[in-house]
Protein chains: 2
Amino acid sequence: MNKIITIIPISSFNNSKTRLSPFLSESERTNLLKVMLKDIVSNIQDHVSDIIVTSKDEYVLNYAKYLNLNVFKEKEHEHDFLNNAISDAISYISKNYDNYSVMILPADIPLFNSRNMKYILKNRDDFIISPSKGGGTNLLYINREYNYKPLFGAFSFFKHVQEAKNNNLDVNIYDSFYLSLDVNTPEDLGEILLHGRNTHTYNYLSNLNIGVESNHGKERLYVYRKNE
Amino acid sequence: MNKIITIIPISSFNNSKTRLSPFLSESERTNLLKVMLKDIVSNIQDHVSDIIVTSKDEYVLNYAKYLNLNVFKEKEHEHDFLNNAISDAISYISKNYDNYSVMILPADIPLFNSRNMKYILKNRDDFIISPSKGGGTNLLYINREYNYKPLFGAFSFFKHVQEAKNNNLDVNIYDSFYLSLDVNTPEDLGEILLHGRNTHTYNYLSNLNIGVESNHGKERLYVYRKNE
């Protein structure tokens, strides 16, 4: 059976998730990224052979080591740095592993759960793509040693599906609500508060006194900080 | 095997989906509701025994008849009219059918697809609940003749799960991105334009010259009308 090697690319802990600013301070956004990474790791670590965090940022790489993860320091690229970094990581894997498949996950999907992991394990012979809110890709599972070109960025879900077809791959589109919920906006935090009771991220947000209520305005959820 | 009777409650065609105003005019919002209903019907009609549209609105009931659906005229209730209407419809079903299960779906989930329907058929012995964006419920499948009390409204997903536990039911939480996407905001229209290529709703929105682009502001999608 193929070993599953997971790549989690993280650009930086500093000044990221800016759409959550000024709702969360910079240090809170850094902490949020850390707890979200912990959640994804705790849900997959018993089921995959290796987890490799890729980054250019030493702070990220050191934190990944602290969590006992493997790290891959990204090279400088002039353009399309996320996809080039992932391609580099896949090349690194091809030189260091045999009989592997590659699962690429973002670090900001704390609702990814054990049922999601079970689905991947059960369908590990398939080439799997899972959509995110807004047309992106929240899981790309390359089931064997294809020279498959990652195409993350705007509307990547459709690009990934097309690229798979161009490679004559039979795509398994994994339709999951929990996996679709990456965290970019205050409303996304609301979804985590609603659905993520057992997560590190939920505990962190609760400790910041962030609350959520149902809303009938332009957004479905009203997310707020208590006592402010 | 149980017959599946589907209830689709629709409050009104007029002046509904107000969060889409002024992006869509009132008549456009009415047409949108009609095409979304067509989509859900076309995806389920070959797989369920009966589809019953419940409403107080004669216009809705007449349109449902035009689509060859069954109709159930809601009684007046002083409060909690959606849940009372659904309870009335379940009572009606209990008097007119044997060996049935009840599937309750909203009329505004045009991405509900044949794979979603297959999942329900495959798991038709389970009690099934599916989350919507914002804490709601987009599918409630009552697998036999329980006296199960619907609890639609704010954060109904969690109320439905709790109510099932109170009834000692083993809940199958159906985790689906496409099923989670009910249509309430312009951004939701963007998701339909991205993922709903084969739907009546997609065609209708395209004919209105509505477009979608990726966005990095407060929302993931920028939805706009061309030439305006």
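Above: the structure in question.
The following refers to the structure shown. (Residues numbered from 1 in each chain as written. Chains lettered and ligands numbered in written order. Predicted model: local features only at pLDDT ≥ 70, side-chain atom pairs only at ≥ 80, totals over all residues. Heavy atoms only, no water.)

Inspection of every chain in the model, using the stated rule, returns 15 salt bridges over all chains. K73 of chain A is the salt-bridge partner of E58 of chain A, the closest N and O atoms lying 2.8 Å from each other. Of the two residues, E58 of chain A is situated in helix α2 (residues 58-66) and K73 of chain A in strand β3 (residues 70-73); the sequence distance between them amounts to 15 residues. Note on E58 of chain A: relative accessible area 39%, which makes it partly exposed. Among the ionic pairs, K133 of chain A bridges to D188 of chain A, the shortest N-O distance being 3.1 Å. On the criterion of sequence distance, the pair formed by K133 of chain A in the loop between β5 (127-131) and β6 (137-142) and D188 of chain A in helix α7 (residues 186-195) is long-range, its members being 55 residues apart. In this structure, K133 of chain A and D188 of chain A share a single accessibility class: buried. One salt-bridge network, in which partners are shared between bridges, spans K133, D182 and D188 of chain A together with R220 of chain B. (Salt bridge = Lys/Arg side-chain N within 4 Å of Asp/Glu carboxyl O. Helix = DSSP H or I, 4+ residues; strand = E, 2+ residues; numbered from the N terminus. Buried < 20%, exposed > 50% of the residue type's maximum accessible area, 1.4 Å probe, protein only.)

This part takes up the nonpolar core. Nonpolar side chains tend toward joint burial in soluble globular proteins. Within the largest apolar cluster, 75 residues are counted, with the highest numbers of intra-cluster contacts made by L32, L37, M103, F112, L139 and L189 of chain A together with I104 of chain B. Among all residues touching L32 of chain A, those that are not within four sequence positions of it are L20, L24, V183, L189, T201, Y204 and L205 of chain A. Formed by 74 residues, the second largest nonpolar core is a distinct cluster that contains L140 of chain A together with I8, I109 and F177 of chain B. (Core = buried A, V, L, I, M, F, W, Y, C linked by side-chain atoms within 4.5 Å. Contact = heavy atoms within 4.5 Å.)

Before going further, it helps to spend a moment on the interface of chain A and chain B. Of the residues lining the interface, 39 residues belong to chain A; the matching set on chain B comes to 39 residues. Interface of chain A and chain B: buried area, both sides summed, is about 3,200 Å²; carbon and sulfur atoms make up 52% of it. Linking chain A with chain B are four salt bridges, by the criterion used here. Close ionic contact of D182 of chain B with R220 of chain A constitutes a salt bridge, the shortest N to O distance being 2.7 Å. The interface formed by chain A and chain B holds 18 residue pairs in polar contact (both at pLDDT 80 or more) in total. (Buried area = accessible area lost by both parts, 1.4 Å probe. Polar contact = N/O pair within 3.5 Å; in protein donor to acceptor, adjacent residues only side chain to side chain.)

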